Amino acid sequence: MAMGTNSGVDTGSEVPGLAGVPLLGSLFDLKSDSLGTYLRAQHRHGDLVRITAGPPGMRAELYCVFSPAGAQQVLATDAARFRKDNHFYQEVRDSFGNGLLTSQDEDYLRQRRLVQPLFTRRRVDGYAEAVAAETDAVIASCGQALDGVVDVSDEMMHLALRAVARILFGTDVEATADVVAECFPVITDYVLRRGYSPANIPRHWPTPGNRRAAAAMDELYGVCDRIIAQRRRAPGAGAGAGSPGEDLLSLLAAARSSDDGEFDASELRDQVLIFLLAGHETTATSLCFALHLLARHPEQQDRAREEVSRVLGGRTPGAADLDRLPYLTQVLKEAMRLYPAAPVIGRKAVAATRIGEHTIPAGADVILAPWVTHRHPAYWPDPDRFDPERFTPEAEAGRPRYAWFPFGGGPRACIGQHFSMLESVIALAMILRAYSFEAVDTEIPVGAGITLRTDGPARCRIRRLDAR
């Protein structure tokens, strides 16, 4: 195979390819089980594997990087050589706007500079009370479950959506949460269909799928635009996540600098949509699988609950408790290892880059797969076993930085990772104090969407533990 290279780049040996079927390559394998296909590729061929999919003339060629060192190159060391220029990111951009997740170059740097002060640890810690209030509401709702069985996937999605909507919109949460819950699945499914298709019809053609997605986007954009306009007219009018004017939308609307100016209304909406997308599905996934895993492992569940009871007693947890709940944090990190909310990360190589013994050519579509790297047997003995002890400080110090990267890394690491951990620890502590969990569904099928998605229920039988 001839590889494009930049001057002075050693091509190394040929990148091994995963065998597929004639003409279509691994198309059907990727469509039916992309995560399993990536795992098989690593097991058979190592840490850099080429996968082809699709008929001649429409064929995709994916260069899959599975090692921690390779992930570090793509995300950090050589980040400038790997951009968000691929087809999938363009579909996300076209539906959810050019916000912090999807923007690039000067747009991204300007947005990051404006947004960064709103995500300091001190600022994020101020949202703990809102998280606790929404968790209390979900605890009460679970108590009404028929036969004491709840689908923790649905409940955690509801919790995470309500929490991020309250933090973004303050008291306007009621006007937004239902719209987001109704519209987001339509839009994300539309993005997935188009993002993984080698060819798409134009969005403006009046097909049923295009019309459904356009209607959902119009409704979602409309509610965001109305609240943004209200904030611009009366700053702080809907604030409720802290002191007046302290909800995230009010802070975004007020963000400005002499060099970067401020966000206009369209840019504000783009940021809000990206925060809604990245801020609720990812945390919901982590909480869902933390509860599912604890429900299947009663010894670890009891140990986590004992720590919560010892540290908190009967009081509501706050931001200061994160460092006081190390085992609960280990549980969450292990859940994020086994079920990373972003199981696959895509990039486009803009320059030939040597990774290990091989070279990724310029123009190649590049896949990082936390789903695979988090199970790499060189760094995770018995990788499918749930073991929170993998995340003691001593164990973490003995592994490469990118053996575990659920929040990405490098200059584009997730800006909300402290918020995600804050929300997850507080919510999990409160839920474990209220209920014990026993798994009804011992296996949960999953797939790679924009985030990791459950393809079936995640039901648990719960038992009330207190009299609140």
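Structural data are supplied above this passage.
What counts, and where the lines are drawn
- Residues numbered from 1 in each chain as written.
- Predicted model: local features only at pLDDT ≥ 70, side-chain atom pairs only at ≥ 80, totals over all residues.
- Heavy atoms only, no water.
- Helix = DSSP H or I, 4+ residues; strand = E, 2+ residues; numbered from the N terminus.
- Rg over C-alpha atoms; globule rule 2.2 N^0.38 Å.
- Buried < 20%, exposed > 50% of the residue type's maximum accessible area, 1.4 Å probe, protein only.
- Contact = heavy atoms within 4.5 Å.
- Areas by Shrake-Rupley, 256 points an atom, 1.4 Å probe, with all protein chains shown as cover.
- Lys, Arg positive; Asp, Glu negative; His and termini not counted.
- Charge placed at Lys NZ, Arg CZ, Asp CG, Glu CD.
- Pairing = 2+ DSSP bridges.
- Axes fitted to C-alpha atoms, helices over the stretch in contact; angles between N-to-C directions.
- Core = buried A, V, L, I, M, F, W, Y, C linked by side-chain atoms within 4.5 Å.
- Expected span 1.5 Å × (residues − 1).
- Phe/Tyr/Trp six-rings, centres within 6.5 Å; stacked < 30°, edge-to-face > 60°.
- Lys NZ or Arg CZ within 6 Å of the ring centre and 35° of its normal.
- 1 Å grid on protein atoms, 1.4 Å probe; cavity = no way out; pocket = protein on both sides within 12 Å on 5 of 7 lines; lining within 4 Å.
- Points joined across faces, edges and corners; volume = space filled by probe spheres on them.
- Nonpolar A, V, L, I, M, F, W, Y, C, P; charged D, E, K, R; others polar.
- Salt bridge = Lys/Arg side-chain N within 4 Å of Asp/Glu carboxyl O.
- Left-handed = near helix turned anticlockwise from the far one by under 90°.

(A) Fine view of the overall build of the protein chain. If you tally the helices and strands in the protein chain, you get 16 helices and 14 strands. Here the C-alpha radius of gyration of the protein chain, 22 Å, is about what a compact globule of 468 residues would show, namely 23 Å. Counting only C-alpha atoms, the protein chain reaches 65 × 55 × 45 Å along its principal axes. Within the span of the protein chain, comprising 468 residues, buried residues form 56% of the whole. For the protein chain, long-range pairs separated by at least 24 residues make up 73% of all intrachain contacts whose partners lie at least 6 apart in sequence. Carbon and sulfur atoms make up 52% of the accessible area of the protein chain, which totals about 19,600 Å². Mean positive and mean negative side-chain charge positions of the protein chain (52 and 59 charges, respectively) differ by 1 Å.

(B) Main features of the sheet that holds strand 7 (residues 345-349). Strand order in this open sheet of five strands is 1-2-10-7-3, and the pairing throughout is mixed. The outermost strands of the open sheet, each flanked by one partner alone, are strand 1 (48-53) and strand 3 (82-83). Sheet topology note: the strand 7/strand 10 (residues 365-368) ladder contains four bridges and is antiparallel. Following the sheet pairing, K348 is matched in strand 10 by D365. Those strands touched by helix 2 (residues 68-77) are strand 2 (60-65), strand 3, strand 7 and strand 10, and its axis lies near 125 degrees from that of strand 10.

(C) Inspection of the nonpolar core at higher detail. By size, the foremost hydrophobic cluster in this structure holds 129 residues, and its most contacted members are Y38, F96, F169, L248, L328, L428 and F437. Tallying contributions element by element places helix 11 (residues 265-296) first for this core, with 15 residues. Ranked by size, the runner-up nonpolar core spans 18 residues in total, among them V15, Y89, I345 and V366.

(D) Helix 6 (residues 128-142), seen in detail. The end-to-end C-alpha distance of helix 6, which contains 15 residues, comes to 21 Å, matching closely the 21 Å that a straight helix rising 1.5 Å per residue would cover. Buried residues along helix 6 sit against helix 5 (121-125), strand 4 (149-151), helix 7 (152-169), helix 16 (417-434), strand 11 (435-439) and strand 14 (459-464).

(E) Local environment of unusual backbone geometry. With phi around 75 degrees, L23 is a residue other than glycine that occupies positive phi space. A positive phi is found at D105, a non-glycine position, where the angle reads about 55 degrees. With respect to the secondary-structure elements, D105 resides in helix 4 (residues 105-115).

(F) How the structure looks around the packing of aromatic side chains. Within this structure, the stated rule accounts for eight aromatic pairs. Note on F88 and Y196: the rings are 5.2 Å apart at their centroids and 35 degrees apart in plane angle, and the pair reads as tilted. One end of the pair, F88, is in helix 3 (residues 87-96); the other, Y196, is in the loop between helix 8 (173-195) and helix 9 (208-233), with 108 residues separating them in the sequence. A relative accessible area of 46% means that Y196 is categorised as partly exposed. Geometry around W371 places R375 over its ring, the cationic atom sitting 3.9 Å from the centre. Its guanidinium or amino end placed over the ring of F391, R399 lies 5.0 Å from that ring's centre, counting from NZ or CZ.

(G) Quick peek at the layout of surface pockets. Estimates place the volume of the second largest pocket at around 550 Å³. Lining the second largest pocket are 24 residues, and of these M157, P185, H280, E281 and R453 sit closest to its centre. Within the residue set of the lining of the second largest pocket, elements represented by two or more residues are helix 7, helix 8, helix 11 and strand 13 (452-454). The element that contributes the greatest number of residues to the lining of the second largest pocket is helix 8, accounting for seven residues. Residues of the lining of the second largest pocket, tallied by class, amount to 12 nonpolar, eight polar and four charged.

(H) Up close: the sheet that holds strand 11. Across the sheet, which stays open at both edges, the three strands sit in the order 4-14-11 with antiparallel pairing between neighbours. Bordering the open sheet on either side are strand 4 and strand 11, each of which pairs with just one other strand. Each strand of the sheet is rotated relative to its neighbour by a mean of 40 degrees, with strand direction disregarded. One ladder, built from three bridges, connects strand 4 with strand 14; its direction is antiparallel. Bridging across to strand 14, V150 finds its partner in C460. Here helix 16 sits on the sheet and contacts strand 11 and strand 14; the angle it forms with strand 11, its principal contact strand, is near 90 degrees.

(I) The arrangement of the pattern of salt bridges in detail. Scanning all chains against the criterion turns up 27 salt bridges. Its salt-bridge partner being E91, residue R194 comes within 3.0 Å of it at the nearest N-O pair. Taken together, the residues span a long stretch of sequence, with R194 in helix 8 and E91 in helix 3 at a distance of 103 residues. E91 matches R194 in its accessibility class, with the two residues each being buried.

(J) View of empty space enclosed by the protein. Scanning all chains against the criterion turns up one cavity of 30 Å³ or more. Approximately 60 Å³ is the volume found for the largest cavity. Considering the residues around the largest cavity, the lining is formed by V138, I139, C142, V150, V152, E155, M156, L291, I431, Y435, F437 and I462.

(K) The arrangement of the packing of helix 11 against helix 16 in detail. Look at helix 11 against helix 16: their axes get within 10 Å of each other, and the N-to-C directions meet at 40 degrees. Note on packing geometry: the crossing formed by helix 11 with helix 16 is right-handed. Packed against helix 11, whose contacting residues are G279, T283, L287, A290, L291 and L294, the element helix 16 presents S420, E423, S424, A427, L428, I431 and L432 at the interface. Here the contact of helix 11 with helix 16 is composed, by residue class, of eight nonpolar, four polar and one charged.

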